Amino acid sequence: MGEKTSNIINKGIKIFAVLYALFILKQCCGIFYTKMTHMSASDLEWVRPASRYMHVTFRSDSGNQAQLTILHSYVNNDTNPFYISSSKDTYEANAAYEYVVDNYGSGMDGRFSIARSLKNDSLVYNASLNKFGTWRHILLKPESIDLNGRQLENCLVVDSINGSLPPYYLEHNIEVKNPVSKFIISKDYGLVYFRYKTGEEFYRDF
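Now for a description of the structure that goes with this document. Source: prediction; values computed, not measured.

### What about the overall build of the chain?
Right, on to step 1. Along the chain, the regular secondary structure elements total four helices and 14 strands.
Right, on to step 2. Looking at the chain as a whole, 41% of its 206 residues qualify as buried.
Right, on to step 3. For the chain, the share of sequence-separated contacts (at least 6 apart) that also reach a separation of at least 24 residues comes to 58%.
Right, on to step 4. A total of about 12000 Å² of accessible surface is found on the chain, and carbon and sulfur atoms cover 52% of it.

Here it is in structure tokens:
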């Protein structure tokens, strides 16, 4: 066997060893995502209100007031396909913010999240307020609305058509204090409207 042939064999063995090591590492720890999604700057505008409007006042048609406060927000929108983890080998870009609405001496928890779906790369969302919400990611299909005389673009309406209490609450007939029957999320402003089951409506101050 010539020196040249021997070098080629040794090089092949080294390449094989590296590939085998990468395969083992991929199997036990993961080294790269097999599928990833990524959100655009326009997508992320849906969560910008969390940093722009930390405190918002709402007024009802009955003269009552409510105060919204942003509690927390996050964005998971990585583009790096490499990782070391024992978790899933797929990456779904997502972002969300959480808030509380103080009214009638108690706080109502709210949450809004978006994701670029791994299933079909569509933009989906999940929203809830005081336990009333979508409770699953649904296709984000914004619409224009007239809010008390103000025209707003890119809004999401959650009502009896696409919203409900959590399945557990429904199964066990658990009641919620001051139940909500409808609310609206705006891409530009966040929560802009909510209505109690009593019929009282609250509008965001602009």
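The structure having been displayed, the exposition proceeds.
### A word on unusual backbone geometry
Right, on to step 1. Backbone geometry places D121, a non-glycine residue, at a positive phi of 65°.
Right, on to step 2. The phi angle at W135 is positive, at roughly 60°, despite the residue not being glycine.
Right, on to step 3. Relative to the helices and strands, W135 is located in the loop between β8 (132-133) and β9 (138-139).
Right, on to step 4. Looking at W135, the relative accessible area reads 36%, which means it is partly exposed.

### Here we look at the pairing of strand β12 (residues 180-186)
Right, on to step 1. With six of its seven residues buried, β12 lies for the most part within the structure.
Right, on to step 2. Summarising the sheet, strand β11 (residues 150-158) and β12 pair through four bridges and their orientation is antiparallel. Bridging across to β12, V158 finds its partner in F183.
Right, on to step 3. With six bridges connecting them, β12 and strand β13 (residues 190-196) associate as antiparallel partners. Its bridge partner being in β13, I184 is matched across the sheet by Y193.
Right, on to step 4. Between the end of β12 and the start of β13, which pair antiparallel, lie three residues.

### Looking at the nonpolar core
Right, on to step 1. Counting 36 residues, the largest nonpolar core has I114, F183, L191 and F194 as the members making the most contacts within it.
Right, on to step 2. Elements that contribute at least two residues to this core include exactly β2 (55-60), β3 (65-76), β5 (94-103), β6 (106-116), β7 (123-129), β11, β12 and β13.
Right, on to step 3. Ignoring any residue separated from it by four or fewer positions in sequence, one finds F194 in contact with F58, A66, V101, M108, L129, K182, F183, E200, E201 and F202.
Right, on to step 4. I145, L152, C155 and Y203 belong to the second largest nonpolar core, which has nine residues in total.

### A word on the packing of aromatic side chains
Right, on to step 1. Within the structure shown, the criterion is met by 12 aromatic pairs.
Right, on to step 2. An angle of 40° between the planes, with centres 6.1 Å apart, marks the rings of Y97 and Y99 as tilted. Taken as a pair, Y97 and Y99 share a single burial class, namely buried.
Right, on to step 3. A centroid spacing of 6.1 Å and a plane angle of 35° characterise the contact between F112 and Y125, whose relative ring orientation is tilted. Within this pair, whereas F112 is found in strand β6, its partner Y125 is found in strand β7, the two being separated by 13 residues in sequence. Each of the two residues, F112 as well as Y125, counts as buried.
Right, on to step 4. Among the aromatic side chains, those forming a connected cluster through ring pairs are W46, Y97, Y99, F112 and Y125.
Right, on to step 5. A cation sits over an aromatic face here: R204 above Y53, 4.7 Å from the ring centre.
Right, on to step 6. Cation over ring: R204 sits above F206, and NZ or CZ is 5.0 Å from the ring centre.

Procedures and definitions
Residues numbered from 1 in each chain as written. Predicted model: local features only at pLDDT ≥ 70, side-chain atom pairs only at ≥ 80, totals over all residues. Heavy atoms only, no water. Helix = DSSP H or I, 4+ residues; strand = E, 2+ residues; numbered from the N terminus. Buried < 20%, exposed > 50% of the residue type's maximum accessible area, 1.4 Å probe, protein only. Contact = heavy atoms within 4.5 Å. Areas by Shrake-Rupley, 256 points an atom, 1.4 Å probe, with all protein chains shown as cover. Pairing = 2+ DSSP bridges. Core = buried A, V, L, I, M, F, W, Y, C linked by side-chain atoms within 4.5 Å. Phe/Tyr/Trp six-rings, centres within 6.5 Å; stacked < 30°, edge-to-face > 60°. Lys NZ or Arg CZ within 6 Å of the ring centre and 35° of its normal.

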